[in-house]
Amino acid sequence: MHELDDITREFLVESNEGLDQLDRDLVALEQRPKDHELLARIFRCVHTIKGTCGFLGLGKLESVSHVGENLLTLLRDGARDLTPERTSGLLQLVDALRQMLTSIEVTGAEGDGDYGPLIARLTALQEEDAVSGAPPMNMGEHLVARGLVTPEAVRDAAEQQLQGDPRHIGEILVEQAHVPFQAIAEVLESQAAEGGRGAVSVSDSTIRVDVGLLDKLMNLVGELVLARNQILQHLATSADQTLSATSQRLNLITTELQEGVMKTRMQPIGNVWSKFPRVVRDLAAGCGKRIRLEMEGKETELDKTIIEAIKDPLTHIVRNSADHGIEPPEVRMARGKPAEGRIFMRAFHEGGQVNIEITDDGGGIDPAAVRQKAIEKGLLTAEQAGRLSDREAFNLIFAPGFSTAAKVTNVSGRGVGMDVVRTNIEKIGGTVDVSSDTGKGTTLRIRIPLTLAIIPGLIVTSRGDRYAIPQVSLLELVRLEGEEVAQNIELIYGAPVYRLRGNLLPLVVLNHALGFTAERWRADYDAVNVVVLQADGVSFGLVVDEINDTEEIVVKPLAKQLKGIAAFAGATIMGDGKVALILDVGGLAQQAGVLQAARDRAQKENVVASAAGSGERRTLLLFRAGRDHRLAVPLSEIARLEEFPQRAIEVAGTRRVVQYRGEIMPLVHLDELVDGVVRNETVSDPIQVVVYAHRGESIGLVVDQITDIAEQDITVERRSHGRAVSGSAVIQDKVTDLLDIRAVLGLAGLVREDDEALAGAGTER
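Residues numbered from 1 in each chain as written. Predicted model: local features only at pLDDT ≥ 70, side-chain atom pairs only at ≥ 80, totals over all residues. Heavy atoms only, no water.

Colleague: Which residues make up a nonpolar patch on the surface, and what values do they have?
Modeller: A cluster of nonpolar side chains, Leu224, Ile231, Leu250 and Leu257, forms an exposed patch at the surface whose accessible area comes to about 270 Å². Elements supplying a minimum of two residues to the nonpolar patch: α10 (211-235) and α11 (241-265). Looking at the secondary structure, you find Leu257 in helix α11. Classification of Leu257 by relative accessible area gives partly exposed; the value is 40%. (Patch = residues over 30% accessible without salt bridge, like charges linked within 9 Å, V, L, I, M, F, W, Y side chains within 5 Å. Areas by Shrake-Rupley, 256 points an atom, 1.4 Å probe, with all protein chains shown as cover. Salt bridge = Lys/Arg side-chain N within 4 Å of Asp/Glu carboxyl O. Helix = DSSP H or I, 4+ residues; strand = E, 2+ residues; numbered from the N terminus. Buried < 20%, exposed > 50% of the residue type's maximum accessible area, 1.4 Å probe, protein only.)

Colleague: Could you give me a rundown of helix α13 (residues 276-287), with the residues and numbers involved?
Modeller: In this model α13 runs 16 Å from its N-terminal to its C-terminal C-alpha over twelve residues, within 8% of the 16 Å that 1.5 Å per residue would give. Along α13, the residues classified as buried are Phe276, Pro277, Arg278, Val279, Val280, Arg281, Leu283 and Ala284. (Expected span 1.5 Å × (residues − 1).)

Colleague: Can you lay out the sheet that holds strand β26 (residues 697-703) for me, pointing to particular residues and giving the numbers?
Modeller: Taken in spatial order, the six strands line up as β21-β25-β26-β24-β23-β22 in an open sheet, and their pairing is mixed. This sheet does not close on itself; its edge strands, each paired only once, are β21 (640-644) and β22 (650-652). Ignoring which end each strand starts from, the neighbouring axes of this sheet average 45 degrees apart. Of the strand pairs in this sheet, strand β23 (residues 655-660) and strand β24 (residues 663-669) are connected by four bridges, and their pairing is antiparallel. Following the sheet pairing, Val658 is matched in β24 by Met665. (Pairing = 2+ DSSP bridges. Axes fitted to C-alpha atoms, helices over the stretch in contact; angles between N-to-C directions.)

Colleague: I'd like to hear about the packing of aromatic side chains, residue by residue, with values.
Modeller: In this description, a pair of aromatic rings is defined by centroid distance and the angle of the planes. Under the defined criterion, the tally for this structure stands at two aromatic pairs. For the ring pair Tyr467 and Phe568, a centre distance of 6.4 Å and an interplane angle of 5 degrees mean the geometry is stacked. Within this pair, whereas Tyr467 is found in strand β9 (residues 465-470), its partner Phe568 is found in strand β17 (residues 568-573), the two being separated by 101 residues in sequence. For the pair Tyr467 and Phe568, one class covers both residues: buried. Here the aromatic rings of Phe644 and Tyr660 are separated by 5.9 Å at their centres, their planes lie at 80 degrees, and the arrangement is edge-to-face. (Phe/Tyr/Trp six-rings, centres within 6.5 Å; stacked < 30°, edge-to-face > 60°.)

Colleague: Any details on the pattern of salt bridges? Residues and values, ideally.
Modeller: Close approach of charged atoms allows side chains with opposite charge to pair. Throughout the structure, instances matching the rule amount to 29 salt bridges. Between Glu294 and Arg292 there is a salt bridge, with its nearest N and O atoms 2.7 Å apart. Residue classification places Glu294 among the partly exposed positions, given a relative accessible area of 26%. Residues participating in the shared-partner salt-bridge network are Asp20, Asp23, Glu30, Asp95, Arg98, Lys275, Arg278, Arg281 and Asp282.

Colleague: How would you summarise the packing of helix α14 (residues 304-325) against helix α19 (residues 418-427) if you had to cite specific residues and measurements?
Modeller: Between α14 and α19, the least distance of the axes is 9 Å, while the angle of their chain directions is 150 degrees. On the basis of their axis angle, the class for α14 and α19 is roughly antiparallel. In this structure, α14 meets α19 at a crossing whose hand is left-handed. Seen from α14, the contacting residues are Ala309, Pro313, His316, Ile317 and Asn320; seen from α19, they are Met418, Val421, Asn424 and Ile425. Partitioning the contact of α14 with α19 into residue classes produces six nonpolar, three polar and no charged. (Parallel < 35°, antiparallel > 145°, perpendicular 65-115°, else oblique. Left-handed = near helix turned anticlockwise from the far one by under 90°. Contact = heavy atoms within 4.5 Å. Nonpolar A, V, L, I, M, F, W, Y, C, P; charged D, E, K, R; others polar.)

Colleague: Tell me about α14, and please be specific about residues and values.
Modeller: An α-helical turn contains 3.6 residues, so a residue and the one three or four places further along point in the same direction. In this model α14 runs 30 Å from its N-terminal to its C-terminal C-alpha over 22 residues, within 8% of the 32 Å that 1.5 Å per residue would give. Maximum bend of α14: about 35 degrees, positioned at Ile310, with proline Pro313 one to four residues after it. (Bend = angle between axes of the 7 residues up to and from the residue.)

Colleague: Outline the confidence of the model for the chain, listing residues and values.
Modeller: Overall, the prediction assigns the chain a mean pLDDT of 77, with 81% of residues at 70 or greater. Predicted confidence for residues 603-614 stays below pLDDT 50, and this span has two contacts to residues more than four positions away or in other chains. Here residues 753-765 is a poorly scored stretch, pLDDT under 50, and it has 23 contacts once near neighbours within four places are set aside; other chains count. (pLDDT = per-residue confidence, 0-100.)

Colleague: Outline the nonpolar core, supporting the account with residue identities and numerical values.
Modeller: If you look at the biggest cluster of nonpolar residues, it comprises 45 residues, and the most contacted ones within it are Trp273, Ile310, Leu314, Ile356, Ile446 and Ile448. The leading source of residues in this core is α14, at seven residues. The contact partners of Trp273, leaving out residues within four places of it in the chain, are Met295, Glu296, Gly297, Lys298, Leu314, Met345, Arg346, Ala347 and Ile356. With 34 residues, the next largest nonpolar core counts Leu12, Leu19, Ile42 and Leu125 among its residues. (Core = buried A, V, L, I, M, F, W, Y, C linked by side-chain atoms within 4.5 Å.)

Colleague: A description of the side chain of Glu357 should follow, citing residues and the corresponding values.
Modeller: Here Glu357 is to be found in strand β5 (residues 353-360). Using a relative accessible area of 18% as the deciding quantity, one classes Glu357 as buried.

Colleague: Describe the sheet that holds strand β14 (residues 527-535), naming the residues involved and giving the relevant values.
Modeller: Strand pairs in the sheet, formed through backbone hydrogen bonds, run parallel or antiparallel to each other. Strand order across the open sheet formed by six strands is β10-β14-β15-β13-β12-β11, with mixed pairing between neighbours. A strand with exactly one partner marks an edge of an open sheet, and here the two such strands are β10 (474-481) and β11 (489-492). On average, each strand axis in the sheet is tilted by 35 degrees relative to the strand beside it, whichever way the strands run. With seven bridges joining them, β14 and strand β15 (residues 538-544) adopt antiparallel strand pairing. Looking across to β15, one finds that Val531 is bridged to Leu542.

Colleague: With reference to specific residues and values, describe the pairing of β9.
Modeller: Pairing between strand β8 (residues 454-462) and β9: six bridges, direction antiparallel. Bridge assignment links Leu458 to a residue of β9, and that residue is Ile469. Taking the residues that link successive antiparallel strands as the turn, the β8-β9 hairpin has two residues, and the phi of Arg463 there is positive, at about 55 degrees. Of the strand pairs in this sheet, β9 and strand β18 (residues 579-583) are connected by two bridges, and their pairing is parallel. Note on β18: the bridge partner recorded for Tyr467 is Leu581.

Colleague: Describe the environment of Met345, with residues and values.
Modeller: Tracing the sequence through the fold places Met345 in strand β4 (residues 341-350). Judged by its relative accessible area of 0%, Met345 falls in the buried class. A sequence separation of eleven residues divides Met345 from Ile356, and the C-alpha atoms of the two residues are 7.3 Å apart. Look past the residues within four positions of Met345 in its chain and what remains in contact with it is Trp273, Phe276, Leu293, Glu294, Met295, Glu296, Val318, Glu357 and Ile358.

Colleague: Residue-level account of the environment of Thr550, with values.
Modeller: Position of Thr550 relative to the elements: it lies in strand β16 (residues 546-554). Expressed as a C-alpha distance, the spacing of Thr550 and Val460, which sit 90 residues apart in the sequence, is 9.1 Å. Beyond its immediate stretch of four places on either side in the chain, Thr550 contacts Gly457, Leu458, Gln471, Arg640 and Arg661.

Colleague: Go over the side chain of Arg278 with me, naming the residues and quoting the values.
Modeller: Relative to the assigned elements, Arg278 resides in helix α13. Owing to a relative accessible area of 11%, Arg278 belongs among the buried residues under this scheme. A polar contact of 2.8 Å, which involves the side chain of Arg278, links it to the side chain of Asp282. Ignoring any residue separated from it by four or fewer positions in sequence, one finds Arg278 in contact with Asp23, Val27, Leu91 and Asp95. (Polar contact = N/O pair within 3.5 Å; in protein donor to acceptor, adjacent residues only side chain to side chain.)

Below, the structure written as structure tokens:
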């Protein structure tokens with residue numbers, strides 16, 4: 001790469017950022033052609049690039065941007081109307097400028113591209129229609145309204161424009177000394193403020209940091225975390241109180257530093273999504289379709305490494321939805337749909353992961369066509385295809401070389417892409433699933449981790465070696481001793497299953513999965529430790545020799561010799577300096593056949609459920625608050641269950657808190673907030689706490705007793721009018737109130753302003 005001076009490098013960075021914004025603004029302007037502030041911002045960006053080009057002696061870049069600036073001047077002053085042709089021409093200008101900037105970065109020169117046709121096109125777009133009357137005097141009207149200039153002076157300036165003066169009205173008025181330049185600047189600033197943009201300059205509060213420097217800083221923090229873990233492990237056998245206090249301080253500082261550095265790497269997913277309006281617009285124009293793109297959750301943050309990894313898969317999915325999913329307008333209208341198709345993208349945090357959904361209202365996927373294509377491709381026999389559920393058939397689109405497109409286009413239909421989508425997402429520990437309703441549309445759901453650098457993990461031991469399990473996949477821990485092993489674990493076709501609260505949980509013995517033992521199960525276990533995990537929505541139990549503890553682990557990539565082993569996702573260094581492998585929960589489940597068996601069972605259950613009736617099946621945590629008041633919450637909303645001695649409770653301000661995992665966790669006593677709960681006079685020690693994760697922070701809900709976890713069909717039989725209770729249902733033959741946790745947080749004053757609407761739903765009286 002060519003060595004650039006600091007001025008040119010800064011110019012390239014700022015210009016590329018400006019062009020990325022131009023892409024978004026031009027597509028938005030096509031929807032709001034009368035948005036004068038948006039037009040002004042587009043003009044300023046091109047004008048800035050043109051001005052800097054002249055300073056740096058980049059003649060070709062300057063001449064191309066100058067022609068675009070002339071067209072934007074006419075649009076800004078109302079002398080021309082924005083048309084699809086003009087928008088396409090301006091987008092072509094953006095592409096040409098980006099191409100020249102790339103050439104400058106690589107070679108130091110603008111390249112030998114011929115931009116004559118583009119200049120001719122942009123020039124022609126300036127002359128296509130005549131001026132109808134005098135152009136609007138937006139700046140002049142503002143100045144007159146403020147009493148800064150007379151209407152006669154503005155009229156004279158407008159007439160001068162009509163006689164061929166290319167300058168803006170404000171420039172003419174300043175040159176004629178009718179108004180000072182500062183007045184023009186104030187008007188522009190007020191216009192920006194009225195539009196909700198530009199009121200505060202972010203350049204004064206931010207700096208650019210090289211990504212390589214952030215990566216190095218992240219690696220150093222990782223090493224610091226490892227050193228911290230080693231010190232804490234040493235303290236377990238040390239009686240030195242001074243060293244212990246200092247180490248605890250080091251622990252807190254390291255945790256805060258780790259969180260701070262992690263935040264510097266976090267970026268909103270909107271940085272990737274911002275390119276999609278342009279992609280969809282170009283595809284719709286090229287395919288003769290009308291498509292509207294809607295996005296929700298653009299502020300959802302991810303680690304930069306994850307952002308980079310999902311950029312290409314998401315782009316391919318969006319392109320596929322636009323070209324392959326949305327039908328042409330005439331087909332949609334014949335099917336009773338609106339002529340304009342819709343692609344909806346949504347991102348949100350859930351369970352320590354980020355969920356991304358891409359939904360289109362197109363023709364959907366025909367499972368019969370997928371099965372037939374799979375048979376033609378030789379992927380399945382006719383008998384195997386006949387046994388596939390619709391969900392399994394839909395997931396065949398991720399097979400290499402698979403496509404149901406009737407014809408090959410320059411966008412899709414070659415069977416290349418969806419297999420790469422799944423591969424790239426699974427590389428970062430994510431999953432992708434597809435569901436479709438023929439004739440109504442298709443939804444792809446992607447689940448990916450927030451970060452790959454430092455994650456909480458459960459440490460287990462098997463055959464004397466330690467392994468780490470990402471805590472995001474952990475549901476609960478179970479230990480069976482003595483006769484409980486024989487009573488609760490059964491063999492079905494030689495495969496062990498555990499009867500957990502009436503449901504059969506398939507078991508995978510880690511020693512067998514790793515090839516240490518040949519038998520899948522032994523009958524002579526004295527005790528069994530079961531780690532209940534979830535992979536791709538399916539629960540299973542992993543039998544390990546020992547369960548040690550949870551700790552923050554620094555993820556290290558595997559050597560190339562181990563990358564092909566499905567059971568491992570990475571490695572980490574433990575507190576004693578030894579290496580532990582990180583287990584790939586999804587890989588273990590797939591290798592053991594758990595996922596396929598669960599899907600077959602789910603298909604049969606769905607058939608039975610569809611014939612049986614009306615309840616909604618949920619997994620709920622049951623507990624008592626106060627004197628015999630039964631409450632339940634969805635288990636998926638709970639992070640952990642903990643116990644704390646009474647002496648661990650402290651007071652910060654007016655709130656009771658405990659120190660928990662390196663942070664200060666506020667406590668919420670349900671018997672003080674939930675209607676109908678009669679406070680128990682006897683205070684338990686230790687207290688039982690249900691830990692709820694809210695926006696990355698832990699909040700403890702203090703209950704009197706955690707009683708059970710139930711999975712059953714429930715029907716909310718009445719709406720409750722109490723505070724923080726969303727309804728009631730019969731669970732395990734007893735009436736149980738369903739707790740609205742967000743409403744509880746609202747009553748306790750622990751939610752932010754943007755969460756009040758959520759909390760308010762459960763607090764109506």
